[in-house]
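Below, each chain spelled out in residue letters.
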Amino acid sequence: MSSLHLALAVLVAALWGVNFVVIEVGLRHFPPLLFSALRFLLAALPAVFFVRRPRVALRWVVGVGLSLGVAKFGLLFIGMEGGMPAGLSSLVLQSQAVFTAVLAAATLGERLGRTRLFGMAVSFAGIVVAAVGQGTAGPLGAFALVVAAAFAWGVANVLTRKAAPEDALSWMVWVSLVPPLPLIALSLLFEGASADLAALRSLDPSGLAALGFVAWAATLFGFGAWGHLLRRYDASAVAPFSLLVPVFGMTSAALLLHEGISLADIAAAALLIGGVVLVSLTPGKRRTHTPDEHATDATGQHATDATDAAHPHDETGRVRA
């Protein structure tokens with residue numbers, strides 16, 4: 001990888017890590033479901049008029065839009081609004097790799113293997129350690145919502161592999177068209193029209209900046225740059241940079257939000273990231289499959305090289321918010 005592309009990979013990981021801090025700032029201005037709706041609305045418009053529609057069935061666009069945009073981000077934002085720290089959220093969301101591996105084994109017929117099963121056990125231990133730490137410092141329900149968000153992300157990853165879009169950026173833009181209306185409806189139902197209108201009326205530069213960052217920097221630029229790297233290099237060369245996301249997330253949260261990093265957090269990070277490495281970078285094999293050279297996961301990573309150790313499959317490279 002060239003020095004320029006190396007810097008780009010680190011930049012994207014940094015943007016995705018800092019994005020958790022920006023989400024925390026945005027939640028001070030917007031109810032969580034409304035914030036998520038506006039994020040996807042800005043990510044989709046006007047970009048949808050400048051990128052071609054992915055050549056996939058509409059059901060995959062809708063399925064991923066609902067699982068990724070409505071379920072994953074809705075649960076994440078509610079969990080963070082309910083007291084889940086930004087840094088810890090960036091770490092716990094890593095467990096999506098484990099959920100994706102389990103779902104892929106159940107629906108795509110992949111063998112997990114001993115190494116990957118061991119990695120799942122290590123990651124689960126990390127989640128338990130993080131849950132114990134959160135239980136003593138904050139609401140455990142908010143922690144559970146972020147874990148549920150990671151599961152929803154795993155569902156989106158498997159659906160995207162089935163869809164096999166060719167371009168990460170156009171795929172994300174079109175998927176972003178789906179969540180706004182359901183999220184706005186849910187916001188009106190659970191957060192109330194008065195709260196939504198009050199947030200919009202009191203919108204200030206800080207709120208606008210947070211909204212712009214999560215929609216354009218983290219989503220459009222981040223996904224576009226990551227997809228560019230995946231088209232130029234093997235997934236095995238690009239995916240490990242995603243493991244920097246919780247490093248940037250926890251560090252930026254400590255520096256900018258003054259969140260503490262306890263020994264339990266460090267232990268949880270070591271276990272969870274170590275387990276994700278074993279799950280993600282160990283090639284899985286399908287019992288029966290038809291290769292599709294264009295298959296990708298929810299982050300645009302090529303996903304059909306699972307049977308080739310030089311091209312790990314899609315349980316890597318998708319740690320962003």
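Preceding this paragraph is the structure being described.
Residues numbered from 1 in each chain as written. Predicted model: local features only at pLDDT ≥ 70, side-chain atom pairs only at ≥ 80, totals over all residues. Heavy atoms only, no water.

*Asks:* Lay out the pattern of salt bridges in plain terms, naming residues and giving numbers.
*Replies:* Close approach of charged atoms allows side chains with opposite charge to pair. What the rule picks out here adds up to two salt bridges. Arginine 52 is the salt-bridge partner of glutamate 166, the closest N and O atoms lying 3.5 Å from each other. Of this pair, glutamate 166 sits in the loop between α7 (140-163) and α8 (168-175) while arginine 52 is found in the loop between α2 (32-44) and α3 (58-81), placing the two residues 114 residues apart along the sequence. Judged by its relative accessible area of 36%, glutamate 166 falls in the partly exposed class. Salt bridges sharing common partners tie together Arg52, Arg55 and Glu166. (Salt bridge = Lys/Arg side-chain N within 4 Å of Asp/Glu carboxyl O. Helix = DSSP H or I, 4+ residues; strand = E, 2+ residues; numbered from the N terminus. Buried < 20%, exposed > 50% of the residue type's maximum accessible area, 1.4 Å probe, protein only.)

*Asks:* Just give me the short version of the nonpolar core, but keep the residues and values in it.
*Replies:* Membership of the largest hydrophobic core comes to 74 residues, with the highest contact counts inside it found for Leu76 and Phe143. With six residues, the next largest nonpolar core counts Ala101, Leu112, Met120 and Val279 among its residues. (Core = buried A, V, L, I, M, F, W, Y, C linked by side-chain atoms within 4.5 Å.)

*Asks:* Mind laying out the packing of aromatic side chains, listing which residues take part and the relevant values?
*Replies:* Across all of its chains, the model carries seven aromatic pairs by this definition. A centroid spacing of 6.0 Å and a plane angle of 80° characterise the contact between phenylalanine 73 and phenylalanine 77, whose relative ring orientation is edge-to-face. Highlighted residues: phenylalanine 73 and phenylalanine 77, both in helix α3, separated by four residues, approximately one helical turn. You can call phenylalanine 77 buried: its relative accessible area is 0%. Put simply, the rings of Phe30, Phe35, Phe40, Phe73 and Phe77 pair up and form one aromatic cluster. Positioned over the ring face of phenylalanine 40 is arginine 39, at 5.4 Å from the centre of the ring. Over the ring of phenylalanine 73 we find lysine 72; its NZ or CZ atom is 3.6 Å from the centre of that ring. (Phe/Tyr/Trp six-rings, centres within 6.5 Å; stacked < 30°, edge-to-face > 60°. Lys NZ or Arg CZ within 6 Å of the ring centre and 35° of its normal.)

Coordinates in, geometry out; function isn't part of it.
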